[in-house]
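# Topology and contacts: notes
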Amino acid sequence: MFNKILIANRGEIAVRVIKTCRRMGIKTVVVYSDADAGSLACEMADETVHIGPSPAAQSYLIQDKIVDAVKQTGAQAVHPGFGFLSENAGFARRLKAEGIAFIGPNPEAIDAMGDKITSKKFAAEAGVSTVPGHMGLIETPDEAVKIAREIGYPVMIKASAGGGGKGIRVAHSDDDMAEGFAAVKAEALNAFGDDRVFLEKFIVDPRHIEIQVLGDKHGNVIHLFERECSIQRRNQKVIEEAPSPLLDEATRAAMGAQAVALAKAVNYDSAGTVEFVAGQDKSFFFLEMNTRLQVEHPVTELITGVDLVEQMIRSAWGEQLNLKQDDLSINGWAIESRIYAEDPYRGFLPSIGRLVRYEQPEEGDQGDYIVRNDSGVREGDEISMFYDPMIAKLCAWGETREDAVRGMARALEDTHLAGLGHNVPFLAAVMDQERFQSGQLSTSYIKDEFPDGFHGLAPTPEQVKILIASAVAMNEVIAEQDGDPSERTDWTVLIDKAAYEVEVGYDEAEDLIVAIDGEEVSLSEIDWRPGLSLFKAALDEDAFTAEVKRAADGFDIRHRAARARVRVLRPDVAHLYALLPEKQAADTSKLVLSPMPGLVVDIPVVEGQEVKSGETVAIIEAMKMQNILKAERDGKVKAVKAKAGDPVAADDVLVEFE
């Protein structure tokens, strides 16, 4: 077995590989860029090698630097993780020529399946059902429009070398196609160094289901069942689960058999994923094959008990698979939520900055569910603009899907981040939705359920009780610590503008009894003191966690997707609050503001220019994605406040209209 492996990656996947290597007794080397100096992966690795500046194109994507680091440290093999060089056949060949093992599939399999255009041709020849489309290279927007008309809108524009949701657009018209084609080519060149693009028919109301396969160098291939990855935003997976609530045993077996047949046809010899687009009627079509470990692999590990990283390492060493298809079965249900540094209240735009606070849920057996949290950052680390904004992959396992959903919701409650925007409230909102709980999923789920963006959810009646009881309890604790406990038992609690009459007391067990408009609830097991960001307790014996922050006149409290300013006031003071005028928001209708921190790619307007509604006025790049900002109405440009190459912060003025 290898005694030293170099990990040509960063963040949580580097940490993930290190954990398996430690268990196997294998030493690890981590390469790092300027931005990742002092990272968690660097701290955990046995050795580290600096490979250059922060941009991936100057560090993680430079093969010479990776090979030099291998030779410098005496590593015998390279694990590429996902992204970067993980699906680069040239890199795999380079390592082979240098006598270094590549912990991934052979270069020929990467060539056959890693390129999205070639893979579709290969799949069609192998008899695998494929989505209608144009697999040849497309050079110009006019050519793309012509082909799209032949296929029939809507059409998906995809980067041939794409992955991770990058380099994908859906076009519904000729105008969409012309603009999207250029954007995808630019993103593809920037993210993958390859601007080739292809088109395929976009299946309406589809589901995204993928089959995990595993092969060795002796011709053995098995599948480890499916993952449902339909909850996506901008073609980037957000929530995944295994198994899929759509499939029955017959469909599962058919998809698995097709995935294994395809893998065997290319002599696949590592972990890989065959992705399908599925209709609600359980019809399915081959989408692509990812010739690497997938981000969402933990849910498969949780329902099968198989360590996929270990299997990749053993296959690369030359061992035969120690598993047969009949050895595998589905045990329980697992859900993964990708926690991103992004602001769901601002259109999910990337949020760059320092993790001032990062409290993670306790991992392991929590009674009715099991928690796993794969993270590559710690409290105090910075989320950089140079890489994907993922903070963690939070997983929950339960015996049933209902148990897993409930466990995920509780694990999200126990996650607290501060210092930047994050999507935890959004993830919690999905867990609480009846549609998600019913398993009625599609790739348009987020657009369907949140057509106007995410603005949080109104508190349910049960959450109203949680908000009120938590605020009253904190009010009592603060008064006691201040040496000024009040004898008052009657209060008015304001949740934003809504008023509730409250009576407060204690029972014989010293549990807090709160009567809300005459209905009593009991608050026990209170775990909070001033300064803590999480308030933990049990409401009528049901445990919960709320995120809390003291404000000048009360508390800011968030429970899952419901957040509010909660004030505990004397009734006469509450009456005066009702008379206060509402603060008017500042008028920014004549300004185009940067929605996120990033770099200005282009400002295609000049002072004095007449601009029509819908016309592009700025392009901002952050975390490898280009964001096109368009005019919301007709107008004349008064001033241009930025230029290409400028770094900008969120809410910086880019263009001002008269």
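Our structure's up above, just so we're on the same page.
It should be emphasised that the depicted structure is a prediction, and the values quoted were computed from it without experimental measurement.

The rules behind each value
Residues numbered from 1 in each chain as written. Predicted model: local features only at pLDDT ≥ 70, side-chain atom pairs only at ≥ 80, totals over all residues. Heavy atoms only, no water. Helix = DSSP H or I, 4+ residues; strand = E, 2+ residues; numbered from the N terminus. Buried < 20%, exposed > 50% of the residue type's maximum accessible area, 1.4 Å probe, protein only. Pairing = 2+ DSSP bridges. Phe/Tyr/Trp six-rings, centres within 6.5 Å; stacked < 30°, edge-to-face > 60°. Lys NZ or Arg CZ within 6 Å of the ring centre and 35° of its normal.

### What to know about unusual backbone geometry
Between tyrosine 153 and the following residue, proline 154, the backbone shows a cis peptide bond with an omega angle of 0 degrees. Relative to the elements of secondary structure, proline 154 occurs in the loop between helix H7 (141-151) and strand E7 (155-163). Following alanine 242, the chain continues into proline 243 via a peptide bond in cis, with omega recorded as -5 degrees. When you line up the elements, proline 243 lands in the loop between strand E12 (236-242) and helix H9 (249-265). Look at phenylalanine 348: it is not a glycine, yet its phi comes out positive at around 65 degrees. Along the polypeptide, phenylalanine 348 turns up in the loop between strand E16 (342-343) and strand E17 (349-350). Judged by its relative accessible area of 7%, phenylalanine 348 falls in the buried class. We note that glutamate 541 has phi near 75 degrees; this positive angle belongs to a residue other than glycine.

### Notes on the sheet that holds strand E33 (residues 591-593)
The four strands lie next to each other as E33-E40-E38-E35, forming an open sheet whose pairing is antiparallel. Either end of the sheet is taken by a strand with one partner, and the two such strands are E33 and strand E35 (610-611). Of the strand pairs in this sheet, E33 and strand E40 (residues 653-657) are connected by three bridges, and their pairing is antiparallel. Opposite leucine 591, over in E40, you have glutamate 656 as the bridge partner.

### A few points about the packing of aromatic side chains
Here the structure, examined in full by the defined rule, presents 13 aromatic pairs. Relative to phenylalanine 535, the ring of tryptophan 528 lies with its centre 6.5 Å away and its plane at 45 degrees, an arrangement referred to as tilted. Pair check on accessibility: tryptophan 528 and phenylalanine 535 agree, each one buried. Put simply, the rings of Tyr345, Phe348, Phe426, Phe450 and Phe454 touch in pairs and so form one group of aromatic residues. Directly above the aromatic system of phenylalanine 436 lies the positively charged group of arginine 401, at a separation of 4.8 Å from the ring centroid. In this structure, arginine 563 is placed above the aromatic ring of tyrosine 345, and the distance from its NZ or CZ to the ring centre is 3.6 Å.

Shape descriptors only; they carry no functional weight alone.
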